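In case you want the letters, here they are:
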Amino acid sequence: MYKFPKDLFTDVRIEEVCTTEINLKNSVLVQNKTKKDRGAMIRIYDGNKWYYSATTDLESIQQQIDTLSQMATKNHNILNNKVVKALEINNEICLKYKSNNISNVENKKKLNLVKSYLPILEKYNDIKTNSVYLSDNYTKKQIISSIGTDVTFDSQYIGVAIGYTITENGLPFRGNYSFTKECFDDIEDVSEMLVKRIESDIEYAKEAKPIKPGIYTCILSPITTGVFAHESFGHKSESDFMIGDETMKKEWAIGTKVGSSILNIIDTGTITGAGYVPFDDEGCKAKKNYIIKNGVLSGRLHSAYTASDLEEKVTGNARAMNFEFEPIVRMTNTYIENGDMTKEELISGVKEGIYIDDISHGSGMSTFTIAPRKAYMVRDGKIAEPVKVAVITGNVMETLHEIDGLSKEYEILSFVTGGCGKMEQYPLHVGFGGPYVRVNNINVQ
């Protein structure tokens, strides 16, 4: 297809993306946009430097290759370069959504879906503002390289986020309900669940009292578990953070005991949804990567560059936000593996603690911080009164040792709005989740 220059490594990533965004605010349509993009990222590597070019003119790709090759220095030994040797050579077509492409669903059906939630939101006097946001994305990629890779694959998801503001006791409370699916036809009637969520949120807004700060045993819901795994441990597993940092390499040595023996943390692009990437943006196949297995640090996430530098294998985690950016090490679906207890069994073992039901946001590296949206006291093994919690926080490495129970039930979730940010690349779509997790000695404020 392309004439690749001799004595250089070249790859071409061609993307076709179709997205729809529909947004209602206070029952008024403020956005209904469908956007289609086509473009390509061209990379050339001479064993010393990478040379990049991005274009929306697919007819100019050969010209871009030729121009970049003139900047690079010929390397007769490029095929033996450790970065090039780290790359996989794959040949596969994986068009999972060819027959049910979300971009082929007419806009009217999507708009009607969004509007269908308004009667529920409008019937509650406690709701002062509302919003309904639909976002879908279909992406098709082809990656071709000078060493023989030629993979074509697609991915897609559709998500709806329903938000509302409840004002009680003079204070606003932001409630929400959201879901993501692979296909439009997978979307079920969520009216009953939405009503339950709204009424639960109204009761919480009316009844919740400030928590007495202290050290508590906490039960984390799947969304809380997912954000904890992503923010506190996932980012530290992205190995570009430790390139050239001897302190990080020692702290994150494979084989180091870092958590409870029941703890497994996994990242994989094989799970459908926002984090589904059967191949990464270097054409390397997705794998099930155990970052922690049985409490022991057992892996980290790689691009070809980081894998070669640390003398490990690629993991399928070289990702770019779109064709305008080069691939860097990013998460896909990051989650804590489920255990063998029920949610009720986890809670029944707590004399006095906190159940974190939902969150507003989280962040972390060595220390994690999660801001709960809804939380409840646990008393004598049962969920009790609602409480307002500003943050839960702790040292990541210490907290991982404090996990003593994991539920059988688990969920893999996606944020409909936003995504993961790193360097200048935001938002990148990812998945996260896990089971209900019981963890001791959490600082609650």
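Now for a description of the structure that goes with this document. (Residues numbered from 1 in each chain as written. Predicted model: local features only at pLDDT ≥ 70, side-chain atom pairs only at ≥ 80, totals over all residues. Heavy atoms only, no water.)

Counting its secondary structure elements, the chain contains ten helices and 23 strands. Taken over the C-alpha trace, the chain has a radius of gyration of 24 Å; the compact-globule value for 445 residues is 22 Å, and the two agree within 12%. The dimensions of the chain, computed from C-alpha atoms along their principal axes, are 70 × 55 × 35 Å. A sequence separation of at least 24 residues applies to 73% of the contacts in the chain between residues at least 6 apart. For the chain, the accessible surface area stands at approximately 19,500 Å², while carbon and sulfur atoms represent 47% of it. Positive and negative charge centroids in the chain, built from 52 and 59 side chains respectively, lie 1 Å apart. (Helix = DSSP H or I, 4+ residues; strand = E, 2+ residues; numbered from the N terminus. Rg over C-alpha atoms; globule rule 2.2 N^0.38 Å. Contact = heavy atoms within 4.5 Å. Areas by Shrake-Rupley, 256 points an atom, 1.4 Å probe, with all protein chains shown as cover. Lys, Arg positive; Asp, Glu negative; His and termini not counted. Charge placed at Lys NZ, Arg CZ, Asp CG, Glu CD.)

Glancing now at helix H5 (residues 191-207). Along its 17 residues, H5 runs 24 Å from first to last C-alpha, staying within 8% of the 24 Å computed at 1.5 Å per residue. Of the surrounding secondary structure, the elements contacted by the buried residues of H5 are helix H4 (118-122), strand E5 (127-145), strand E6 (150-168), strand E7 (171-181), strand E17 (367-379) and strand E18 (382-388). (Expected span 1.5 Å × (residues − 1).)

By size, the foremost hydrophobic cluster in this structure holds 45 residues, and its most contacted members are Tyr-117, Leu-121, Val-132, Val-160, Ile-162 and Ile-198. A per-element tally of this core places H5 first, with six residues. Apart from residues lying up to four places away in sequence, Val-132 is in contact with Ile-22, Asn-23, Leu-24, Val-114, Tyr-117, Leu-118, Leu-121, Val-160, Ala-161 and Ile-162. (Core = buried A, V, L, I, M, F, W, Y, C linked by side-chain atoms within 4.5 Å. Buried < 20%, exposed > 50% of the residue type's maximum accessible area, 1.4 Å probe, protein only.)

Here we come to the pattern of salt bridges. The full count for this structure, using the stated rule, is 24 salt bridges. Taking the shortest distance from any N to any O, the salt bridge between Lys-285 and Glu-92 comes out at 3.1 Å. Linking Lys-285 in the loop between strand E10 (265-268) and strand E11 (288-293) with Glu-92 in strand E4 (residues 91-94), this pair joins segments that are 193 residues apart in sequence. The salt bridge involving Asp-201 is made with Lys-374; its shortest N-O contact spans 2.9 Å. Of this pair, Asp-201 sits in helix H5 while Lys-374 is found in strand E17, placing the two residues 173 residues apart along the sequence. Take Asp-201: its relative accessible area is 1%, and that puts it in the buried class. (Salt bridge = Lys/Arg side-chain N within 4 Å of Asp/Glu carboxyl O.)

A few words now on the packing of aromatic side chains. All chains considered together, the criterion is met by twelve aromatic pairs. Plain terms: the ring middles of Phe-233 and Trp-252 are 4.9 Å apart, the flat faces sit at 45° to each other, and that makes the pair tilted. In this pair, Phe-233 sits in helix H6 (residues 222-234) while Trp-252 sits in the loop between helix H7 (246-251) and E10, placing the two residues 19 residues apart along the sequence. Here Phe-233 falls in the buried class, since its relative accessible area comes to 0%. Three or more aromatic residues joined by ring pairs form one cluster here, namely Phe-9, Tyr-45, Trp-50 and Tyr-52. The ring centre of Tyr-290 lies 4.5 Å from the NZ or CZ of Lys-293, which sits over that ring. Cation over ring: Lys-422 sits above Phe-241, and NZ or CZ is 4.8 Å from the ring centre. (Phe/Tyr/Trp six-rings, centres within 6.5 Å; stacked < 30°, edge-to-face > 60°. Lys NZ or Arg CZ within 6 Å of the ring centre and 35° of its normal.)

With respect to the helices, strands and loops of the structure, Asp-186 is situated in the loop between E7 and H5. Spatially, the C-alpha atom of Asp-186 lies 41 Å from that of Ile-44, the residues being 142 residues apart in sequence.

Looking at where Thr-393 falls in the secondary structure, it is placed in strand E19 (residues 392-395). With a relative accessible area of 15%, Thr-393 lands in the buried category. At a separation of 2.7 Å, a polar atom in the side chain of Thr-393 contacts the main-chain carbonyl oxygen of Phe-368. Ignoring sequence-local partners within four residues, the contact set of Thr-393 consists of Thr-367, Phe-368, Thr-369, Ile-442, Asn-443 and Gln-445. (Polar contact = N/O pair within 3.5 Å; in protein donor to acceptor, adjacent residues only side chain to side chain.)

Below, the discussion takes up the environment of Leu-24. Within the secondary structure layout, Leu-24 lies in strand E1 (residues 9-25). The buried category is assigned to Leu-24, whose relative accessible area is 1%. With sequence-adjacent residues up to four places away left out, Leu-24 is seen in contact with Leu-29, Val-114, Lys-115, Leu-118, Asn-130, Ser-131 and Val-132.

This part covers H6. Compared with an ideal rise of 1.5 Å per residue, which puts 13 residues at 18 Å, H6 spans 16 Å between its outermost C-alpha atoms and falls more than 12% short. Those residues of H6 that sit buried are Pro-222, Thr-224, Thr-225, Gly-226, Val-227, Phe-228, Ala-229, His-230, Ser-232, Phe-233 and Gly-234.

Turning our eyes to something else, we now look at a negative patch on the surface. Side chains of Asp-185, Asp-186, Glu-188 and Asp-189 sit close together on the surface and give a patch of like negative charge. By the secondary structure assignment, Asp-185 is in the loop between E7 and H5. Given a relative accessible area of 69%, Asp-185 falls into the exposed group. (Patch = residues over 30% accessible without salt bridge, like charges linked within 9 Å, V, L, I, M, F, W, Y side chains within 5 Å.)

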